[in-house]
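Notes for the structure review
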Amino acid sequence: MKHQNINRLEDRIRDFLCENLECLESGLQLFKKEQRLLLEEHMGAGGRVDIVAKDRFGHFVLIEIKRSDQAARQAVHEISKYTALFRARFGLDEEKVRIMVVSTSWHELRLPLTEFKRASRYHVEGKQIEANQTGDVLSVKDVGLDTILPVSGATFSRCQDMCFFTDETKRNLFLPRLHKAVSDIGIKDFVILTCDHLKGRPEVIYPFCLYLAFSSPVPEWEVKDKNEFKGRFEWEDGLDQEDENLICAIYKITDPDWDSHEIGYPEKFVSMRNEWSTDVAIRAGRFGGKEAPLSDEEILRDISFIDGGSSIYHEKITSPKFETEWEKSKSSFISSMEGYSPWQEIAQLILDLIYQESKDAVVSMDSYAPGQLPLSFYELSKNRPNLRHRPGFNILVEGSTECAPRWYVGVLGWDGTLVERPASVIMEEVYSSTFNFVAAMSLGVSYEMELRAIRAHNLEPLVFEWGLEAGRIKGPTLVSYKAGKLHRSTQDHNTRSITEFLEENQDYLSDLRQLLEETCFGL
């Protein structure tokens, strides 16, 4: 009878928390109550998570409510099992899942949960609650745990695929055949998008597209699996991305009834979305199903590698307290600015400082540094400029109890000197020739000449800081990097903006556009 009463109290606490998740953490939103988890029967694993929530950073928060008299090590075992099941069921990487254990008593539970946190790579938290007999939670406080099951996440490959068609009906008829072919070669987790060109420009010959993004099975293959695949299909070991072999295999077992075909990749997909509609047509494997946790828009974001993994952009809201995610996001953010070493050096120090001083801060990072300045100028100077093509970065820090909000901005500053040499002369000076620029861009090494290109246009990568002090905005303050330290200067500076550069160098930019249009196809 006592056991039943305790269970009923747990249920009432669970129901109360589902309606009042803010009492556990600001910004939590209910995803599902009593999430049922079950893998294949032969694995003998199953169970239920009391509450699944989503936080403001996009993590899934598994909330377990434990009885004070329940065996502590059994509780930790269940938490470990349920977390592994949740990740395996939905193909989530470890940094996308948090664990929150809620209990009225921590006398027995605290030590084993601390040990679990040290041994795992999840963000694990404990909450001690006081509740009355009706299950209403009267108080919540954090339980100190000294921290930091490997399940392979369903992570999209950088190797993606694009099939183009002149006719929408032809495209739609090919969709189920592509679906079957992808499944038949052994890819379980994938997404197929239908894309339609929005502008109706005459140079776009194939305005309908199927876009394939998948999670590669290759890293999980045993040697015999790889040999078996090689026995069925030709395999090249020298490719830049071995997943291209999977793309080739797909079209060996189906009639490739498309009008044109290209290998896709995240940066191309992001550029494509500027002029194409993108709709999710098929979600298979752990990306699909009625209980799949990711929305279509989150799927499109993951295909774009916006949260990390792109060589030219990064966009993420996170916090230093999520240590695994913080390190991964910081590394991707710094890497996205390859070719802009002054920005990289300063941003690295800024993020290290945030980690040391503001562990509870909410940090927004975004960057765009394509390593191909002439193309940035081309897009910015046309009649349809996109601010996304302006190289730069932002770091916004807020929500910290230790430090006031502050904002760091990386920009290209102009010294005011007009560019008077012809575009062809600058191309030869920086890249040896326009052809070499196109070749370097195609090979992904144009970033090696980026600083030279920036300075040839009388520009310089700069960083400015704004802060809030006594309720007033302070800044801009010029931030520089010297001898491994940040230095701030409040002196007036004569730097002019990239917008002014574009407005006052129209003759040069017109010359550059003409040169690129004569050299590059498809601009």
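Everything discussed here concerns the structure shown above.
Along each chain, the written sequence defines residue order, and numbers are assigned to residues from 1. A pLDDT threshold of at least 70 governs which residues receive local features in this predicted model, and a stricter bar of 80 or more applies before side-chain atom pairs are shown or counted, although totals over entire chains, interfaces and linings include all residues. As a rule here, side-chain values come from all non-hydrogen atoms in the structure, and water together with hydrogens is ignored.

**Section: the environment of L294**
Heads up, the condition is: The way it works is that DSSP assigns letters per residue, a run of H or I at least four long becomes a helix, a run of E at least two long becomes a strand, and they are numbered from the N terminus. Working definition: with a 1.4 Å probe on protein chains only, accessible area under 20% of the residue-type maximum means buried, over 50% means exposed, and in between means partly exposed. We call two residues in contact whenever any of their non-hydrogen atoms come within 4.5 Å of each other.
Position of L294 among the secondary structure elements: in the loop between β11 (276-284) and α8 (296-304). When its relative accessible area of 12% is taken as the criterion, L294 is described as buried. Contact partners of L294, with chain neighbours within four places excluded, come to F60, L92, R283, I299 and D302.

**As for the side chain of E450**
Applicable threshold: For the purpose of charge, His is not counted, nor are the chain termini; Lys and Arg are scored as positive and Asp and Glu as negative. By definition here, a salt bridge exists when the distance from a side-chain nitrogen of Lys or Arg to a carboxyl oxygen of Asp or Glu is within 4 Å. Polar contacts, as used here, are pairs of N or O atoms within 3.5 Å; protein pairs need one atom able to donate a hydrogen and one able to accept it. Residues neighboring in sequence count only if both atoms are side-chain atoms.
For E450, the position within the fold is in helix α14 (residues 450-456). Despite its burial, E450 pairs with no opposite charge; the closest candidate is R452, at 10 Å N-O. Polar contacts involving the side chain of E450 include one to the side chain of Y340, which spans 2.6 Å. If we skip the residues at most four places from it in the chain, E450 touches G339, Y340, G371, Q372, L373 and Y431.

**Describing the packing of helix α9 (residues 323-335) against helix α10 (residues 341-357)**
The condition is simple: Here, axes are lines fitted to C-alpha atoms. For helices the fit covers the stretch in contact, and angles between N-to-C directions go from 0 to 180 degrees. For classification purposes, angles smaller than 35 degrees are called roughly parallel, those larger than 145 roughly antiparallel, those between 65 and 115 roughly perpendicular, and all remaining angles oblique. Take the far helix as your reference; a near helix turned counterclockwise from it by less than a right angle gives a left-handed crossing, and one turned clockwise gives a right-handed crossing. When residues are sorted by character, Ala, Val, Leu, Ile, Met, Phe, Trp, Tyr, Cys and Pro go into the nonpolar class, Asp, Glu, Lys and Arg into the charged class, and all the rest, Gly among them, into the polar class.
As a packed pair, α9 and α10 sit with axes 10 Å apart at the nearest point and diverge in direction by 165 degrees. Comparing the axis directions of α9 and α10 gives the class roughly antiparallel. Read as a crossing pair, α9 and α10 show a hand that is right-handed. Every residue of α10 that contacts α9 at E323, W326, K330, F333, I334 and S335 is listed here: Q344, A347, Q348, L351, D352, I354 and Y355. By residue class, the composition of the contact of α9 with α10 is seven nonpolar, three polar and three charged.

**Overview of the nonpolar core**
The nonpolar side chains of soluble globular proteins are, as a tendency, buried together. The following threshold applies: Here, nonpolar core means buried Ala, Val, Leu, Ile, Met, Phe, Trp, Tyr and Cys residues that are tied together by side-chain atoms lying within 4.5 Å of each other.
One finds F333, F377 and I395 to be the most contacted residues of the largest nonpolar core, which totals 53 residues. Sequence-distant contacts of I395, defined by excluding residues within four places in its chain, comprise F333, A347, I350, L351, I354, V363, S364, R406, W407 and Y408. Counting 29 residues, the second largest nonpolar core, distinct from the first, contains V52, C195, W276 and L294.

**As for the pattern of salt bridges**
One pass over the full model with this rule turns up 41 salt bridges. Note that K328 is salt-bridged to E95, the shortest N-O span being 2.4 Å. By relative accessible area, E95 is classed as buried at 15%. Counted as one network, the salt bridges with shared partners bring together D11, R14, D15, K33 and E34.

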